[in-house]
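Here are the chains, one letter per residue:
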Amino acid sequence: MENNTMQYSEELEKLEKLDLETWLYLYLTKAKIKKHLKIENLSKKREFSIGKTQKNEVYIFKNYDEYRNFFLMYLDDVENELIDLAIYTRGNKGQIVALRGLCERIIIKVKNFKFYQSITEKQIEKIHEKGNLTSLEFAQLCINNNLCVISDKSLTQEDRCNFFDRNCQECLLENATHRLEYENPALEQRENSTNSPKRVLNNRNNFIKK
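Below you will find a few notes about this structure. Note that the structure is a prediction, hence the values are computed from the model and not measured.

## Focus: the overall build of the chain
Turning to step 1, where the next piece is worked out: Of the regular secondary structure elements, the chain holds nine helices and 10 strands.
Turning to step 2, where the next piece is worked out: Classification of the 210 residues of the chain by burial places 39% in the buried group.
Turning to step 3, where the next piece is worked out: Sequence-distant contacts, at least 24 apart, represent 68% of the contacts inside the chain between residues at least 6 apart.
Turning to step 4, where the next piece is worked out: Surface summary for the chain: the accessible area is close to 13,300 Å², and the carbon and sulfur share equals 49%.

## Re the pairing of strand β3 (residues 87-90)
Turning to step 1, where the next piece is worked out: Relative to strand β4 (residues 96-99), β3 runs antiparallel, the two sharing three bridges. Looking across to β4, one finds that Thr89 is bridged to Val97.
Turning to step 2, where the next piece is worked out: Hairpin connection, β3 to β4: the antiparallel pair is bridged by five residues, and Gly94 has positive phi, about 95°.

## Describing the environment of Arg166
Turning to step 1, where the next piece is worked out: Here Arg166 is to be found in the loop between α8 (157-163) and α9 (168-176).
Turning to step 2, where the next piece is worked out: Its relative accessible area of 48% is what places Arg166 among the partly exposed residues.
Turning to step 3, where the next piece is worked out: When sequence neighbours within four positions are dropped, the list of residues in contact with Arg166 reads Glu158 and Cys161.
Turning to step 4, where the next piece is worked out: Within polar-contact distance, the side chain of Arg166 engages the side chain of Glu158 at 2.3 Å.

## Some remarks on unusual backbone geometry
Turning to step 1, where the next piece is worked out: Even without glycine at this site, Asp165 takes up a positive phi of about 55°.
Turning to step 2, where the next piece is worked out: Inspection of the secondary structure puts Asp165 in the loop between α8 and α9.
Turning to step 3, where the next piece is worked out: By relative accessible area, Asp165 is classed as exposed at 56%.
Turning to step 4, where the next piece is worked out: The residue Arg166 is not glycine, and still its phi comes out positive at about 60°.

## Some remarks on the state of the cysteines
Turning to step 1, where the next piece is worked out: Counted according to the given criterion, the structure contains zero disulfides.
Turning to step 2, where the next piece is worked out: Note on Cys161: no disulfide assigned, nearest cysteine sulfur contributed by Cys148 at a separation of 5.1 Å.

## A word on the nonpolar core
Turning to step 1, where the next piece is worked out: Counting 39 residues, the largest nonpolar core has Tyr67, Phe70 and Phe71 as its most contacted members.
Turning to step 2, where the next piece is worked out: Secondary structure elements with two or more residues in this core: β2 (57-61), α3 (64-72), β4, α5 (100-118), α7 (135-144), β6 (147-149) and α9.
Turning to step 3, where the next piece is worked out: The leading source of residues in this core is α5, at seven residues.
Turning to step 4, where the next piece is worked out: Once you skip the residues sitting within four places of it in the chain, Phe71 turns out to touch Val78, Ile83, Cys103, Ile106 and Ile107.
Turning to step 5, where the next piece is worked out: Counting seven residues, the second largest nonpolar core, distinct from the first, contains Leu18, Leu26, Ala31 and Ile60.

## Some remarks on the packing of aromatic side chains
Turning to step 1, where the next piece is worked out: Under the definition given, this model contains 14 aromatic pairs.
Turning to step 2, where the next piece is worked out: Judged by centre distance (5.5 Å) and plane angle (55°), the ring pair of Phe61 and Phe70 falls under tilted.
Turning to step 3, where the next piece is worked out: With a centroid separation of 5.8 Å and an interplanar angle of 70°, the aromatic rings of Phe70 and Tyr74 are classed as edge-to-face.
Turning to step 4, where the next piece is worked out: Each residue in the set Phe48, Tyr59, Phe61, Tyr64, Tyr67, Phe70, Phe71, Tyr74, Phe163 and Phe164 is aromatic and connected to the rest through ring pairs, giving one cluster.

Rules and cut-offs
- Residues numbered from 1 in each chain as written.
- Predicted model: local features only at pLDDT ≥ 70, side-chain atom pairs only at ≥ 80, totals over all residues.
- Heavy atoms only, no water.
- Helix = DSSP H or I, 4+ residues; strand = E, 2+ residues; numbered from the N terminus.
- Buried < 20%, exposed > 50% of the residue type's maximum accessible area, 1.4 Å probe, protein only.
- Contact = heavy atoms within 4.5 Å.
- Areas by Shrake-Rupley, 256 points an atom, 1.4 Å probe, with all protein chains shown as cover.
- Pairing = 2+ DSSP bridges.
- Polar contact = N/O pair within 3.5 Å; in protein donor to acceptor, adjacent residues only side chain to side chain.
- Disulfide = S-S within 2.5 Å.
- Core = buried A, V, L, I, M, F, W, Y, C linked by side-chain atoms within 4.5 Å.
- Phe/Tyr/Trp six-rings, centres within 6.5 Å; stacked < 30°, edge-to-face > 60°.

Printed below as a string of structure tokens:
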């Protein structure tokens, strides 16, 4: 309870220090201020969970170092040029106002890139020897067949689509990173209510045809 109170006080202090011009800009652009997690130096990186987001949601950081350290809670390293893309505006006293959705998608993109880059040729050979697909091959299969991830109970289908700005390729690439390999699924023809055939993944309940 004490930690939550301290964090709330820190967030309130950031808001109070915003200059009038920045406040007006946020008001006129209908920005929605959201509280980010407390910035900490962690020995183990945080796991990132996709959550519900809305347009124009912003985080406020007291300075650029705090802003950068937000990303470093999840990532080993990140380029300033990349995270600068998420900056919405800056306060006159050095505060950084950043778009929440873009911050979180940058984290996802970097984590995805690191994951796929880490897979070795030896691992790929072993996966193929078992007749399975690598994560990237499975993602590509889903992309090619116009498949869509079914979200879990904590996140609706619409929320996941909104998080990725309806970028199906980015969504499917993220989904495939949860496992190193996948069984090579059979694609079969089924009839739907309109009697037009559709292709579906056999015995995979976490995908639907769009």
